[in-house]
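Observations on the three-dimensional arrangement
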Amino acid sequence: MKRPHLLHRSPISLRYWVGLRMSALAVGAVVSIAMCMWLRFAIWDFYTMHQIPASARPELEALRAAPELNQARLWELFQRYYNVRDFLPGVASRDWLLLAALVIGSVPLVVLGGLLASRPLSQQLSNVAQAAHKVTQGDFSARAPVVPGAPEDLKSLADDFNGMTAKLEQYEREVRDSSAVLAHELRTPLNAAMGRVQGMLDEVFPSDPDQLLMVKRQLDQLNRLVGDLHLLSLARAGQLAMEESCFNLNDLVSERLAWSGPQLNAAGISPQVRNPHDLTLTADRDRIGQVLSILIENLLRYAATGRSLEITATVAEKRLLLEISDRGPGVGQEELLRMFDRFWRAEHSRARPWGGNGLGLSIASAICDAHHGTVHAVNREGGGLAVRILLPLDRPASLSL
């Protein structure tokens, strides 16, 4: 399942991440060598000056400060108190030898620094590679840990990889778990319809409109199941037909609540809606309405005992956060991650007054995905469940909060 995000990181590209660290190493090495050379000269000069007799030291310092006064005398003093080889050009001088030694000595330090600086990068790549190897062996539970300090590009790669493996794990679990469930869901109405028809053929039941209506109800249930499976298949293939329009969210919420009004009244639920009145959304109105109807129906099935339905909409970072909350029994923490799997039913943590085919929340998730949004559920403090839908707003300028 996709992780909800309202804020996005500003990634530094891998090229800049590597370039900055390698440049810092190079600049650090050059500056270190230059500082060592300066330090060597300062120590050597300080030592030499203190070896010069006190009577000659003031004259030498004055001529060093202003060599143009008497260059001949300055060179005479240099020859007397300094090693003349230090002033000779060529690579054999002690300065060049020291520079060569510093460069050679800095090479292993630069290599070590490069290895340390690139460790987050290599570790992140290694984590992704190891997790990918496990996936190729059929272990879809593999995840690539995100390494602190790694380039944002690689962190995003690890996040996307983990999201991919989570989807693969979900699909594998659905295929494994849903085969028996699907067979049961198809067989139950089909057997009921066939039994009723066979009873009419055997004259056990009268061949009248009431009996045919019972058969039709079973076939309608079968048709809805096939239709829901077809919708999920289209959504996963990225071929779910969308008809976008700009509409008022409050009007859509009111419409869907009116459709479910009789069931809500029968359950003693008075919906509380807290939405900006002029909030508009560019999306497929019917599909978003279908999501609302699914969540309201799900609440009526599993959380009617809480006698609470709260619908709240807020806007942040050009995204709509739509929250549908109840005060029912809630869902176990482990089942929160599976709520939007195909054929999931809250049989253990939430009451089940009447059945469903277990595809409603999967359809809601597929519709949100098709709108480049996300849907997830959390348990509320004080009891109950909150389903949160994040959808992008294409026209934030039209909002009036």
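Whatever comes next refers back to the structure up there.
Structural notes, computed from the coordinates. (Residues numbered from 1 in each chain as written. Predicted model: local features only at pLDDT ≥ 70, side-chain atom pairs only at ≥ 80, totals over all residues. Heavy atoms only, no water.)

Attention now moves to the nonpolar core. Among the nonpolar cores identified, the biggest contains 50 residues, and L309, L322, I324, M339 and I389 are the most heavily contacted of them. A per-element tally of this core places helix α10 (residues 285–302) first, with eight residues. Among the nonpolar cores identified, the runner-up in size contains 10 residues, and A56, L60, F78 and Y82 belong to it. (Core = buried A, V, L, I, M, F, W, Y, C linked by side-chain atoms within 4.5 Å. Buried < 20%, exposed > 50% of the residue type's maximum accessible area, 1.4 Å probe, protein only. Helix = DSSP H or I, 4+ residues; strand = E, 2+ residues; numbered from the N terminus.)

Scanning the entire structure with this criterion turns up three cavities of 30 Å³ or more. Approximately 70 Å³ is the volume found for the largest cavity. Along the walls of the largest cavity sit 10 residues, with L295, N298, L299, D326 and V387 positioned nearest its centre. For the lining of the largest cavity, the secondary structure elements donating two or more residues are α10 and β7 (385–392). (1 Å grid on protein atoms, 1.4 Å probe; cavity = no way out; pocket = protein on both sides within 12 Å on 5 of 7 lines; lining within 4 Å. Points joined across faces, edges and corners; volume = space filled by probe spheres on them.)

Another point: the packing of aromatic side chains. Counting across every chain of the model gives zero aromatic pairs. The cationic tip of R196 hangs over the ring face of F205; the distance from NZ or CZ to the ring centre is 4.3 Å. (Phe/Tyr/Trp six-rings, centres within 6.5 Å; stacked < 30°, edge-to-face > 60°. Lys NZ or Arg CZ within 6 Å of the ring centre and 35° of its normal.)

Now for the pattern of salt bridges. As enumerated under the stated definition, the model contains 13 salt bridges in all. With a shortest N-O distance of 3.1 Å, E76 and R80 are connected by a salt bridge. Separated by four residues within a single helix, E76 and R80 lie in helix α3 (residues 71–81), roughly one turn from each other. Residue class for E76 comes out partly exposed when judged on its relative accessible area of 37%. E323 is the salt-bridge partner of R388, the closest N and O atoms lying 2.9 Å from each other. Note that R388 is positioned in strand β7 and E323 in strand β5 (residues 319–325), a separation of 65 residues in sequence. We classify R388 as partly exposed; its relative accessible area is 29%. The network of salt bridges with shared partners includes E59, R73, E76 and R80. (Salt bridge = Lys/Arg side-chain N within 4 Å of Asp/Glu carboxyl O.)

The subject of this paragraph is the packing of helix α1 (residues 14–51) against helix α2 (residues 57–65). Axis separation between α1 and α2 bottoms out at 9 Å; the angle between their running directions is 140°. Taken together, the axes of α1 and α2 are oblique relative to one another. Across from D45, M49 and H50 in α1, the residues of α2 making contact are R57, L60, E61 and R64. Looking at side-chain class alone, the contact of α1 with α2 contains two nonpolar, one polar and four charged residues. (Axes fitted to C-alpha atoms, helices over the stretch in contact; angles between N-to-C directions. Parallel < 35°, antiparallel > 145°, perpendicular 65-115°, else oblique. Contact = heavy atoms within 4.5 Å. Nonpolar A, V, L, I, M, F, W, Y, C, P; charged D, E, K, R; others polar.)

This part is about the sheet that holds strand β6 (residues 374–379). Strand order in the open sheet made by the five strands is β2-β4-β5-β7-β6, with mixed pairing throughout. Looking along the sheet, the strands with just one partner apiece sit at the ends: β2 (272–274) and β6. Strand-to-strand twist in this sheet, taken as the mean axis angle between neighbours without regard to direction, amounts to 15°. Alignment of β6 against β7, held across six bridges, turns out to be antiparallel. Bridging from a neighbouring strand, H376 pairs with R388 of β7. (Pairing = 2+ DSSP bridges.)

A separate point is helix α12 (residues 360–370). Counting buried residues along α12, eight of its 11 residues qualify, which places the element largely inside the surrounding structure. Of the surrounding secondary structure, the elements contacted by the buried residues of α12 are α7 (209–236), α10, β6 and β7. With its phi angle positive at about 60°, H372 sits one or two positions after the end of α12.

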